[in-house]
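Spelled out from the first residue to the last, the chains are:
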Amino acid sequence: MINYLPGLEAGQKIDLDRFKKTEKINWESFLPFLKTELAKMSQDVNERYGNFLNPEGKIILAGEDAKSDQELVKVQEDTLRGSKSLENWRLDREKNPAEIAEMALALVINKFLGADFIVARASNYDDYNSGVDLVVIDKKTGDVVCGFDDVLGNIGDDGGAKKEVKMTNFRKKGGAKIKYGATIKDGELIRQAAQGIPAFYLSLSQVELGELLTALKTGEPITPAENKIFNKLVASLEEQAALAKDNWALKAKTNLVLEKLHAASRLQVAA
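So, here is what we can say about the structure in this document. Predicted model, so just to flag it, every value in this text is computed and none were measured. (Residues numbered from 1 in each chain as written. Predicted model: local features only at pLDDT ≥ 70, side-chain atom pairs only at ≥ 80, totals over all residues. Heavy atoms only, no water.)

1. A closer look at the layout of surface pockets
- Quantified by volume, the largest pocket comes out at close to 360 Å³.
- Surrounding the largest pocket, 19 residues form its lining, E37, M41, L107, N110 and K111 being those nearest its centre.
- Of all the secondary-structure elements, those providing two or more residues to the lining of the largest pocket are helix 1 (31-49), helix 4 (97-113) and strand 1 (117-121).
- If you tally residues by element for the lining of the largest pocket, the top one is helix 1, at seven residues.
- Residue classes in the lining of the largest pocket are distributed as nine nonpolar, three polar and seven charged. (1 Å grid on protein atoms, 1.4 Å probe; cavity = no way out; pocket = protein on both sides within 12 Å on 5 of 7 lines; lining within 4 Å. Points joined across faces, edges and corners; volume = space filled by probe spheres on them. Helix = DSSP H or I, 4+ residues; strand = E, 2+ residues; numbered from the N terminus. Nonpolar A, V, L, I, M, F, W, Y, C, P; charged D, E, K, R; others polar.)

2. Brief notes about the nonpolar core
- Counting residues in hydrophobic clusters, the biggest one holds 41 residues, and the most contacted among them are L34, L105, V108, I109, F148, L212 and L213.
- At eleven residues, the largest contribution of residues to this core is made by helix 4.
- Excluding residues within four positions of it along the chain, F148 makes contact with I109, V132, D133, L134, V136, F200, L233 and L237.
- The next biggest cluster of nonpolar side chains, apart from the first, holds 27 residues, and it includes V45, I59, L61 and A194. (Core = buried A, V, L, I, M, F, W, Y, C linked by side-chain atoms within 4.5 Å. Buried < 20%, exposed > 50% of the residue type's maximum accessible area, 1.4 Å probe, protein only. Contact = heavy atoms within 4.5 Å.)

3. As for the side chain of R121
- In this fold, R121 is placed in strand 1.
- Those residues in contact with R121, other than ones at most four positions away along the chain, are L38, E56, G57, K58, I59, E99, E102, M103, A106, D133 and L134.

4. Some words on the packing of aromatic side chains
- Here the structure, examined in full by the defined rule, presents two aromatic pairs.
- Aromatic side chains F112 and F230 sit 4.2 Å apart centroid to centroid with 15 degrees between the ring planes, which places their arrangement in the stacked category. Residue F112 is found in helix 4, and its partner F230 is found in helix 8 (residues 224-242); the two are separated by 118 residues along the sequence. For the residue pair F112 and F230, the accessibility class agrees, reading buried in each case.
- Summarising the aromatic geometry, the rings of Y125 and Y180 are spaced 5.7 Å apart at their centres and angled 80 degrees between planes, so their arrangement reads as edge-to-face. Here Y125 is found in helix 5 (residues 124-129), whereas its partner Y180 is found in strand 4 (residues 176-185), with 55 residues between them in sequence. The exposure classification of Y125 matches that of Y180, with both residues buried. (Phe/Tyr/Trp six-rings, centres within 6.5 Å; stacked < 30°, edge-to-face > 60°.)

Here it is as structure tokens:
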């Protein structure tokens, strides 16, 4: 018998998105919009809490180790860029769909949660050394409530097959840690490291990313595409929270994160 759908067995559920064809997306065309919106997001945070985020929405290195850690970042980038100039490597990197996905996710999460949480892209140091792309800080309690590691898959694939290994490693360590985080006390932002952070894996397909970028650019309050992505985020958190059953401390923190996200979001997300 000829198998016209390789990789599938009789009776298995078929994910039609896997076979969906799509036009090639000009990712680079969204960059000016994304940069403008991230700069606005950073300005809003910095006007309230001081010089915390750079125009790309990333946490700025500060403190006694900042200079040496910046040197480490430079060494790491020199290794990654190979024979390219640093300027050209950085330009190529920001055009990468995975980098664009991180920018878009920061904006959509901020759109839902920005009233009650600081949403930030991790510092370059933590991006390279801690495995966390996005950081969410509770404006009321100062808790670093969670970190996100995002992955962009191929067309018809959201990259989720990779998530279990990385999330298992985070759970074994009792959560993620970041060197350049912050807390808030008496309304003031105080920089400090954070550990034992519930860390979640948010994966998107290229089709979903294209839909999200188009929706963000409309400027509308909440679009169906943004609603879909946020629902997927919360569903992913719930799935990963269930996997933390053997670590009661991490499970408690994870459940608290979910409660806060449900309460702060503008959606009534189904359990």
